[in-house]
Amino acid sequence: MNRKTKIILILGVRGCGKSTYAEHLAHTNPRALMVVPTWDDWADKLPECKCRTRKDFEYTGVRCRVYENENDFVAIGKHLHDAVLVLDDPRAYIGSNFDHSALKKIIIVSRKMMLDIVFVAHGFRDIPPVLFSFVTDYVLFNVFDEPKIRKDRIPPNILEKLEKIVTEVRQQAKTNPYAKKHIAVE
């Protein structure tokens, strides 16, 4: 049975809690995979997923994959279902060939795969423009840049809400560095 799935952007400056929140979202499902562009804290503390065969995806809990190449997303597309996929720094995976990439196919069929996808970045500038058309939810921590830098990709009604939330979170972050707000697009 297909369930409603989400494509979530988590944006915020270093140290604001976005990685901790992404890990929390990963733990909301019996299985999750966190993909990182380079070795980092997640790769140190989470068991590795080899990302090759069906057997590599037969686990419960949260695993980590240090991204190697497009073949990682081909394997994820074949074998990761009913799970949460967290992608740190989407610029590492979305390039000029995105229209023909395995990641785009995953995003398009995420509902059939029962796969929630979470992208984590520092700000709007760090999100490849093509990704905005798929977003269902934003989780905004304190960011340095403004949503209007992507005004050509974010619908005007959502852009207005995002600008208001960015202002609110910046104000709250003066006393609480972990302040955040959630906005659902749908």
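Shown above is the structure to which this text applies.
Keep in mind that this is a model prediction, so the values were computed, not measured.

Asker: Got a minute to help me understand the sheet that holds strand S7 (residues 181-184) in this structure?
Answerer: The strands making up a sheet are joined through hydrogen bonds of the backbone, oriented either antiparallel or parallel. Across the sheet, seven strands lie side by side as S3-S2-S4-S5-S1-S6-S7; this open sheet has mixed pairing. Every interior strand has two partners, whereas the edge strands, strand S3 (61-66) and S7, have only one. Recorded for the sheet is a direction-independent mean angle of 15 degrees between the axes of neighbouring strands. In the packing of helix H3 (residues 70-79) onto the sheet, the strands contacted are strand S2 (31-36), S3 and strand S4 (83-88), and the crossing angle to S2 comes to about 170 degrees. With respect to the sheet, helix H6 (residues 156-173) is in contact with strand S6 (137-140) and S7, its orientation differing from that of S7 by roughly 170 degrees.

Asker: Please clarify how the state of the cysteines should be interpreted in this entry.
Answerer: Per the stated rule, a full pass over the model turns up zero disulfides. Among the cysteines around Cys16, which has no disulfide bond, Cys64 carries the closest sulfur, lying 19 Å off. In this structure Cys64 is not part of a disulfide, and its nearest cysteine sulfur, from Cys49, lies 9.4 Å away. Look at Cys64 and you get buried, because its relative accessible area is 3%.

Asker: Sorry if this is basic, but what is going on with the nonpolar core here?
Answerer: Looking at soluble globular proteins, one finds that nonpolar side chains tend to be buried together. In this structure, Leu33, Ile76, Leu85, Phe124 and Tyr138 are the most contacted members of the largest nonpolar core, which totals 46 residues. Among the secondary structure elements, those contributing two or more residues to this core are strand S1 (7-11), S2, H3, S4, helix H4 (102-108), strand S5 (115-121), S6 and H6. Once you skip the residues sitting within four places of it in the chain, Leu33 turns out to touch Cys49, Cys51, Phe57, Tyr59, Arg63, Cys64, Arg65, Ile76, Leu80, Val84, Leu85 and Val86. The next biggest cluster of nonpolar side chains, apart from the first, holds 21 residues, and it includes Val13, Leu25, Leu46 and Val62.

Asker: What is the right way to look at the pattern of salt bridges in this model?
Answerer: Working definition: two side chains of opposite charge can pair if their charged atoms are close together. Across all of its chains, the model carries 13 salt bridges by this definition. In this structure, the salt-bridge partner of Arg52 is Glu68, at a minimum N-O distance of 2.8 Å. Taken together, the residues Arg52 in the loop between helix H2 (41-45) and S3 and Glu68 in the loop between S3 and H3 connect sequence positions 16 residues apart. Between Arg91 and Asp89 there is a salt bridge, with the nearest N and O atoms lying 3.0 Å from each other. Connected via shared salt-bridge partners are Glu48, Lys50, Arg52, Arg65, Glu68 and Asp72.

Asker: Any chance you could explain the environment of Ala184 here in plain terms?
Answerer: Mapping Ala184 onto the fold places it in strand S7. Those residues within four positions of Ala184 in sequence are excluded, and the remaining contacts are Thr136 and Asp137.

Asker: Help me understand the environment of Leu46, please; the structure alone is not making it clear to me.
Answerer: With respect to the element layout, Leu46 can be found in the loop between H2 and S3. In sequence terms Leu46 and Asp56 are 10 residues apart; their C-alpha atoms lie 14 Å from each other. Setting aside anything within four residues of it in sequence, one finds Leu46 in contact with Glu23, Met34, Val62, Arg63 and Cys64.

Asker: Looking at this model, I keep getting lost on the side chain of Arg150. Mind explaining?
Answerer: Position of Arg150 relative to the elements: it lies in the loop between S6 and H6. One buried charged side chain, Arg150, makes no salt bridge at all; its nearest oppositely charged neighbour is Asp152, positioned 5.7 Å away. Beyond its immediate chain neighbours, meaning those up to four positions away, Arg150 contacts Phe124, Arg125, Ile127, Pro129 and Phe132.

Asker: Honestly, the packing of aromatic side chains in this entry has me stumped. Any pointers?
Answerer: Given two aromatic rings, their pairing is described by the distance between the two centres and the angle made by the two planes. The final tally for this structure, using the stated rule, is five aromatic pairs. Here the aromatic rings of Tyr67 and Phe73 are separated by 5.4 Å at their centres, their planes lie at 35 degrees, and the arrangement is tilted. Taken as a pair, Tyr67 and Phe73 share a single burial class, namely buried. Centroid distance Tyr67 to Tyr93: 5.0 Å. Interplanar angle 85 degrees. Geometry classified as edge-to-face.

Rules of the game
Residues numbered from 1 in each chain as written. Predicted model: local features only at pLDDT ≥ 70, side-chain atom pairs only at ≥ 80, totals over all residues. Heavy atoms only, no water. Pairing = 2+ DSSP bridges. Helix = DSSP H or I, 4+ residues; strand = E, 2+ residues; numbered from the N terminus. Axes fitted to C-alpha atoms, helices over the stretch in contact; angles between N-to-C directions. Contact = heavy atoms within 4.5 Å. Disulfide = S-S within 2.5 Å. Buried < 20%, exposed > 50% of the residue type's maximum accessible area, 1.4 Å probe, protein only. Core = buried A, V, L, I, M, F, W, Y, C linked by side-chain atoms within 4.5 Å. Salt bridge = Lys/Arg side-chain N within 4 Å of Asp/Glu carboxyl O. Lys, Arg positive; Asp, Glu negative; His and termini not counted. Phe/Tyr/Trp six-rings, centres within 6.5 Å; stacked < 30°, edge-to-face > 60°.

Read these as layout, nothing more, since geometry by itself doesn't imply function.
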